[in-house]
Amino acid sequence: MTDLDTLATEAYVYGFPLVFNLEQVVRYATTGVGGNPQAPFNSFSHARTLATAADTFVSINNDTVYSMAQLDLGVGPVRLSVPASDRYYVLQFVDAWTNNFAYIGTRGTGNDAGEFLLVPPAWEGDAGGLTVVRVPTRVASIVGRWSCAGADDLPAVHALQDALVLAPLDADAVAAGVPAVGSQGDDALDFWEKYRVWSQAFPPAPRDEGLQASFAPLDLTGDAPVGAGSAEQQAALRAGAQAGPAVLAKAMAAAAEGGAPGAWSVTLHVFDYNLDFFEVGAKDDPAWKTTDPKVRIVERAVAAKAGLWGNHGYEAAYVMTFTDADGQPLTGEHDYELRLSPPPPVGAFWSVTMYSLPEFYLVANEIDRYSVGDRTPGIVTDADGGLTMRICRTRPSDPDAAANWLPAPEGAFRPILRMYMPGDAVLDGTYAPPPIARLGS
């Protein structure tokens, strides 16, 4: 591998979150994603049902109903009106580089109605008594989640969604959105052209400017399309686009290793790469910051790949595993059991959601069940209040096991245990779920 190849691999890991994230922003603004219909910038797109296997989005949850908005603060300040809520909800704010920089909702600001003014970074003016939220990049996302107990609860959720309003102060301003990028002839160079254009349109945090500038030898910092670069530069970019995903896969595998066989990977701090932007509801606390720059850049890319738009651990804890109690990969070829006793300690609710590999999508099944948790209708608890979950591809014949059945795919899978508003025992590591046990031989 040449020096340029190595530099391109480093650039891929650095730039992947920006490109992957903004591709999803464009999807939402142009075609919609799954249950969330298309919506223009600075307006909400509301899913009206819980997510299903039709929602092809990385690690999407089935616990909440989504309200999404893509912001473009190029139009100037945007007013956000939030209704009083009778349930857990969170509006998570994510900038173009995937930094979680604000939280409005039950934990961050409470359940009362509120009025906020979302403003560009350099804005100066009179907020008129509204709570100001500074948005680090011109384009950013609001990822809203409303707790929903099932189909009967949907009308109440819809009423809350409909009361959620975004209104640019300049009603005539036109959002520019994400800059269009011309094709460079193949997927690898198209990735790099998106990175080149978007990294300049949406500057990173000042601490990353030097790293971004270091990619100049690859012709990624100038005005010329990457397809106009030298043969050596283009070869390096293609090599980096091939080696970069392997780096991310290795980092994800390493995160899943360690500890006893079948131990769940605690990812409380995988979203701690934001060191610079802290608005309402976001904790500016050393305990929630990854300061090693090399670790931070890799973790940011891994977080985007495996769980784009995931919350900080203090808002929602995500715990996952790829192996059973014997350290063997989880697969639909076998049946498993997971006994949670005691159940996870949370301030809101918890669930275990099934995802297929390698896409991390929800798994289609005959009963349209994608998760099992403390709100799942008809679950059967153990005598001590715990919950024994059956994880397998086909419906169990035993009635109690069928009531607590989490359907699995035919091939490899990875469940995620989500804990919303996790308790102290989760945050300090006192609480740890047991390994998933394989049944039979």
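Residues numbered from 1 in each chain as written. Predicted model: local features only at pLDDT ≥ 70, side-chain atom pairs only at ≥ 80, totals over all residues. Heavy atoms only, no water.

**Digging into the UniProt feature "domain: DUF1254" (unreviewed entry) in the protein**
When the UniProt feature table is mapped onto this chain numbering, "domain: DUF1254" (unreviewed entry) sits at residues 41-168. Within the segment residues 41-168, helix and strand shares are 7% and 41% respectively, and the terminal C-alpha atoms sit 10 Å apart. (UniProt positions renumbered as here; feature names shortened; annotations may be inferred. Helix = DSSP H or I, 4+ residues; strand = E, 2+ residues; numbered from the N terminus.)

**Points about the layout of surface pockets**
By volume, the largest pocket is sized at about 510 Å³. Val270, Phe271, Ala306, Gly307 and Met320 are, among the 39 residues lining the largest pocket, the residues nearest its centre. Elements that contribute at least two residues to the lining of the largest pocket include exactly β2 (64-72), β8 (139-147), α5 (231-256), β10 (265-266), α6 (293-307), β11 (316-320) and β18 (413-420). If one sorts the elements of the lining of the largest pocket by residue count, α6 sits on top with seven residues. Of the residues belonging to the lining of the largest pocket, the class tally is 27 nonpolar, eight polar and four charged. By volume, the second largest pocket amounts to about 430 Å³. Leu50, Asn62, Gly150, Ser371 and Pro377 are the residues nearest the centre of the second largest pocket, which is lined by 24 residues in total. Listing elements by their share of the lining of the second largest pocket, those giving two or more residues are β13 (350-356) and β15 (371-373). (1 Å grid on protein atoms, 1.4 Å probe; cavity = no way out; pocket = protein on both sides within 12 Å on 5 of 7 lines; lining within 4 Å. Points joined across faces, edges and corners; volume = space filled by probe spheres on them. Nonpolar A, V, L, I, M, F, W, Y, C, P; charged D, E, K, R; others polar.)

**Things to note about helix α1 (residues 3-30)**
With 28 residues, α1 should cover 40 Å at 1.5 Å per step; its first-to-last C-alpha distance of 39 Å lies within 8% of that length. Along its length, α1 reaches its greatest deviation from straightness, about 45°, at Gly15, and the proline Pro17 lies no more than four positions downstream. Within α1, 21 of the 28 residues are buried, which leaves the element mostly enclosed by the surrounding structure. Positive backbone phi, at 80°, marks Gly32, one or two positions downstream of α1. (Expected span 1.5 Å × (residues − 1). Bend = angle between axes of the 7 residues up to and from the residue. Buried < 20%, exposed > 50% of the residue type's maximum accessible area, 1.4 Å probe, protein only.)

**Describing the nonpolar core**
Membership of the largest hydrophobic core comes to 103 residues, with the highest contact counts inside it found for Leu80, Phe93, Leu118 and Trp192. Ranked by residues supplied to this core, first place goes to α1 with 15 residues. Beyond its immediate stretch of four places on either side in the chain, Leu80 contacts Phe44, Leu91, Phe93, Ile104, Gly114, Glu115, Phe116, Leu118, Leu164, Val165 and Leu166. Counting 24 residues, the second largest nonpolar core, distinct from the first, contains Trp264, Met354, Phe413 and Met419. (Core = buried A, V, L, I, M, F, W, Y, C linked by side-chain atoms within 4.5 Å. Contact = heavy atoms within 4.5 Å.)

**Considerations on the packing of aromatic side chains**
Within this structure, the stated rule accounts for 22 aromatic pairs. Considering the side-chain rings of Phe57 and Trp309, the 5.2 Å spacing of their centres and the 35° angle between planes classify their relative orientation as tilted. You can see Phe57 sitting in the loop between β1 (44-46) and β2 and its partner Trp309 sitting in the loop between α6 and β11, a full 252 residues away along the chain. Consider the rings of Tyr336 and Phe413, whose centres lie 5.8 Å apart with planes at 80°: the pair is edge-to-face. Pair noted here: Tyr336 is in strand β12 (residues 335-340) and Phe413 is in strand β18, with a separation of 77 residues, a long-range link. You can call Phe413 buried: its relative accessible area is 0%. (Phe/Tyr/Trp six-rings, centres within 6.5 Å; stacked < 30°, edge-to-face > 60°.)

**Comments concerning the UniProt feature "domain: DUF1214" (unreviewed entry) in the protein**
In the UniProt entry, the feature "domain: DUF1214" (unreviewed entry) is given for residues 315-423. The span residues 315-423 is 5% helix and 37% strand, and its two end C-alpha atoms sit 10 Å from each other.

**Comments concerning the environment of Asp86**
Considering the arrangement of structural elements, one finds Asp86 in the loop between β3 (78-82) and β4 (89-95). By relative accessible area, which is 58% here, Asp86 ends up exposed. Separated by 20 residues in the primary sequence, Asp86 and Thr106 place their C-alpha atoms 9.6 Å from one another. Sequence-distant contacts of Asp86, defined by excluding residues within four places in its chain, comprise Asn111 and Leu160. Only 2.9 Å separates the side chain of Asp86 from the side chain of Arg87, close enough to count as a polar contact. (Polar contact = N/O pair within 3.5 Å; in protein donor to acceptor, adjacent residues only side chain to side chain.)

**As for unusual backbone geometry**
Of the consecutive residues Ser341 and Pro342, the connecting peptide bond is found in the cis state with omega at 5°. Among the structural elements, Pro342 can be located in the loop between β12 and β13. With an omega dihedral of 5°, the bond running from Leu357 to Pro358 counts as a cis peptide bond. You can see Pro358 is positioned in the loop between β13 and β14 (361-362). At Ser59, a residue that is not glycine, the phi angle is positive and equals roughly 55°. Structurally, Ser59 can be placed in the loop between β1 and β2.

**Thoughts on the pairing of β2**
The element β2 is largely enclosed, with a buried count of nine among its nine residues. With three bridges connecting them, β1 and β2 associate as antiparallel partners. When the sheet's bridge partners are listed, Ser45 is paired in β2 with Met68. (Pairing = 2+ DSSP bridges.)

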